[in-house]
Amino acid sequence: MSEPSESPKKEEQEEEATAEPEDQSDSSSEDEATGEAGMDVLRGLFSSVLGLGSSEKVLDELSLEGVARYISSGKCKNIICMVGAGISTSAGIPDFRSPETGLYANLQKYNLPYPEAIFQIDYFKKHPEPFFALARELYPGQFKPTICHYFIKMLKDKGVLRRCYTQNIDTLERVAGLEGDDLIEAHGTFYTSHCVKFLCKKEYNLDWMKEKIFSDEIPKCEKCSSLVKPDIVFFGENLPTRFFTTMKMDFPRCDLLIVMGTSLQVQPFASLVGRVSKSCPRLLINMEKTGQADPMLGLLGFGGGMDFDSEKAYRDVAQISTCDDGCLALADLLGWKAELEELVKKEHARIDSEDKQENPGGSKGAAVKGAAVKGAADKGAAVKGAAVKGTPASAEPKSKAEE
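Let me begin by describing the structure that accompanies this report. (Residues numbered from 1 in each chain as written. Predicted model: local features only at pLDDT ≥ 70, side-chain atom pairs only at ≥ 80, totals over all residues. Heavy atoms only, no water.)

## Describing the overall build of the protein chain
(1) Moving on: Broken down by element type, the protein chain carries twelve helices and nine strands.
(2) Moving on: Here the protein chain holds 403 residues, and 52% of them are scored as buried.
(3) Moving on: By element, 50% of the accessible surface of the protein chain is carried by carbon and sulfur atoms, the whole surface being about 17,400 Å². (Helix = DSSP H or I, 4+ residues; strand = E, 2+ residues; numbered from the N terminus. Buried < 20%, exposed > 50% of the residue type's maximum accessible area, 1.4 Å probe, protein only. Areas by Shrake-Rupley, 256 points an atom, 1.4 Å probe, with all protein chains shown as cover.)

## Let's talk about the environment of L134
(1) Moving on: Looking at the element boundaries, L134 is found in helix α5 (residues 129-138).
(2) Moving on: With 79 residues separating them along the chain, L134 and I213 place their C-alpha atoms 9.8 Å apart.

## As for the pattern of salt bridges
(1) Moving on: Overall, the coordinates contain 18 salt bridges when judged by the stated rule.
(2) Moving on: The closest approach of N and O atoms between K153 and D157, which form a salt bridge, is 2.9 Å. Within this pair, K153 and its partner D157 are both found in helix α6 (residues 147-157), separated by four residues, close to a single helical turn.
(3) Moving on: Judged by relative accessible area, which is 10%, K153 ranks as buried.
(4) Moving on: Using a relative accessible area of 48% as the deciding quantity, one classes D157 as partly exposed.
(5) Moving on: The shortest N-O distance in the salt bridge between R350 and E354 comes to 2.9 Å. Placement of both R350 and E354 in helix α12 (residues 337-358) is noted, with a separation of four residues, approximately one turn of the helix.
(6) Moving on: Among the residues examined, E354 registers a relative accessible area of 15% and is labelled buried.
(7) Moving on: Several salt bridges converge on common partners, so that one network encompasses R162, R163, D181, R242 and D250. (Salt bridge = Lys/Arg side-chain N within 4 Å of Asp/Glu carboxyl O.)

## Considering helix α8 (residues 206-214)
(1) Moving on: Where α8 is concerned, the buried positions are L206, W208, M209, K212 and I213. Down the axis of α8, the buried side of the element spans an arc of 160°, and every buried residue falls inside it.
(2) Moving on: The backbone nitrogen of D207 lies 3.2 Å from a side-chain oxygen of the residue at the head of α8, namely N205.
(3) Moving on: Looking one or two residues beyond α8, the residue adopting positive phi is D216, at roughly 60°. (Arc of directions from axis to C-beta. Polar contact = N/O pair within 3.5 Å; in protein donor to acceptor, adjacent residues only side chain to side chain.)

## Some words on the packing of α6 against helix α11 (residues 323-334)
(1) Moving on: As a packed pair, α6 and α11 sit with axes 8 Å apart at the nearest point and diverge in direction by 40°. Together, I147, C148 and F151 of α6 and C323, D324, C327, L328, L330, A331 and L334 of α11 make up the contact between the two elements.
(2) Moving on: Across the contact of α6 with α11, the residue classes tally to nine nonpolar, no polar and one charged. (Axes fitted to C-alpha atoms, helices over the stretch in contact; angles between N-to-C directions. Contact = heavy atoms within 4.5 Å. Nonpolar A, V, L, I, M, F, W, Y, C, P; charged D, E, K, R; others polar.)

## Some remarks on unusual backbone geometry
(1) Moving on: Geometrically, the link from Q267 to P268 is a cis peptide bond, its omega value of 5° lying close to zero.
(2) Moving on: Along the chain, the position of P268 falls in the loop between β7 (256-260) and β8 (282-286).
(3) Moving on: Positive phi outside glycine occurs at D216, with the angle close to 60°.
(4) Moving on: Within the element layout of this structure, D216 appears in the loop between α8 and β6 (228-232).
(5) Moving on: At L264, a residue that is not glycine, the phi angle is positive and equals roughly 50°.
(6) Moving on: Within the secondary structure, L264 is located in the loop between β7 and β8.
(7) Moving on: Of the residues examined, L264 reaches a relative accessible area of 5% and is grouped as buried.

## Details of the sheet that holds strand β9 (residues 316-320)
(1) Moving on: The strand order across the open sheet formed by six strands is β3-β2-β1-β7-β8-β9, and the pairing between neighbours is parallel. Two strands lie at the open edges of the sheet, namely β3 (183-185) and β9, each paired on one side alone. Within this sheet the neighbouring strands show an average axis-to-axis angle of 15°, counted without direction.
(2) Moving on: Looking at chain direction, strand β2 (residues 161-166) and β3 are connected through three bridges and run parallel. The partner of C164 across the bridge, within β3, is L183. (Pairing = 2+ DSSP bridges.)

## With respect to the side chain of D250
(1) Moving on: When you line up the elements, D250 lands in helix α9 (residues 241-250).
(2) Moving on: Among the polar contacts made by the side chain of D250, one reaches the side chain of R163 at a distance of 2.8 Å.
(3) Moving on: Beyond its immediate sequence surroundings of up to four residues, D250 is in contact with I80, R162, R163 and Y165.

Purely geometric numbers; function is a separate question.
Spelled out as C-alpha cells, the structure:
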C-alpha cells in the first residue's frame, strides 16, 4: 500500500495544532530542555566556526580493536549506549522499514490511509481498533533478549555503563537485567498505560492492559470511559520529560558512545550523537553506516555528523554487521566472549523455566514474560515482543520515525 506523499505532513501539522496540553510541570521541563538544546546548537556553531573545542584523538586506531583497547585501558568509565530496532530483530521482532519483512510492509490488512497512521495519536483516538489488533497479533510469541541486550547488561556489571538510551518499546532491556535508572526509554514503553483524557490520566498496569487486549476489548478508562493507551510515544506526542533532563547530565560525561541498530534518522533521538564531547569516541554497530549527516545539518546539531571515512576522521568507528555479531566480536577482543555466551545461555534457560511455570502445558505465547525479571519485579515487567517494536515517535522537532 503506497502512502500519500502529503498526508503525513498534513497529519503532523494538524497534530501540532490540536495536541492536548501537557502537564504544566512536564511542559516547563521540556521547554527548558529545548532551550538548552538551542543553546547547544549555538555553542556548537560558534565552536565550529572559531575552531574551538578539543578534537583530541583518544583511540590509537579507528577500528573495533582500537575501541577494545580503549575500554580495556581503564580510562573508559562512562559508556552510553544508543539503541534502536536493530538490536531486537534477532529476537524475532520486526523492524519498521525493511522491505517485505518490516512492520510497515505488512499493515495492508488494517486498511490504513498510510502505514504510519497506526501510530498517529489523532488517528488512534478516532480509530483505535487497528492498533489494538496489531498489539494482539504481535503480543504472542517467545521473545527473549538478544546477545546485544546482554552485552549491554555486561557493561553494567563491569561498572562502565552510564546509561542506555533506547528507541524500543519491547522492554527487552529490562528483561536482560537493566533497571529503571539504567534506562531512558525515549519512545516510551508498554510497562504502564494511561487514560488519554487530559483531565483524567488514570494509570493502568501491564496486566490490566494485557487482559483488555486479549479479551478483544478496546481498553476504556474505568473512571471516565475514555480510551486508555500504552505509554508508548505516538506521532504527535512529546518524548518523556526524563529524556530531556537526563541527557543534559549524561552526554557531557560520556567517554565512549556505542550506537547500535538504529538509522539515526529520528529526531531528537538522532541528534544525541552530537552531544558528546569532541574527543569522545563513537562506535556504530549496524548493518550499514548511518548518522553521516549533511555538513550543514551537522553544523546545526542534527543528524549526528559522524565521520567514518574522510581524511579528518579521528574518533568514529563503524562495525558493519548484525548487532549480535558486532557485540560478540567486541566481547571477544575484550576477553568477555565466553562469559557473554554463558550469560545468554543461563538467562534464556531461566526465562524458559519461568514461562513453563506460568503456563504449564499452555502456549508459549504468554506475551508478558518476565514477571520475576530483575529490574521489573512486581509489575510483571517485560513485554516480550510488545506489540510494535521501536514505535515511531515524534517530539521536538516532530518527524516520521524509522526505528
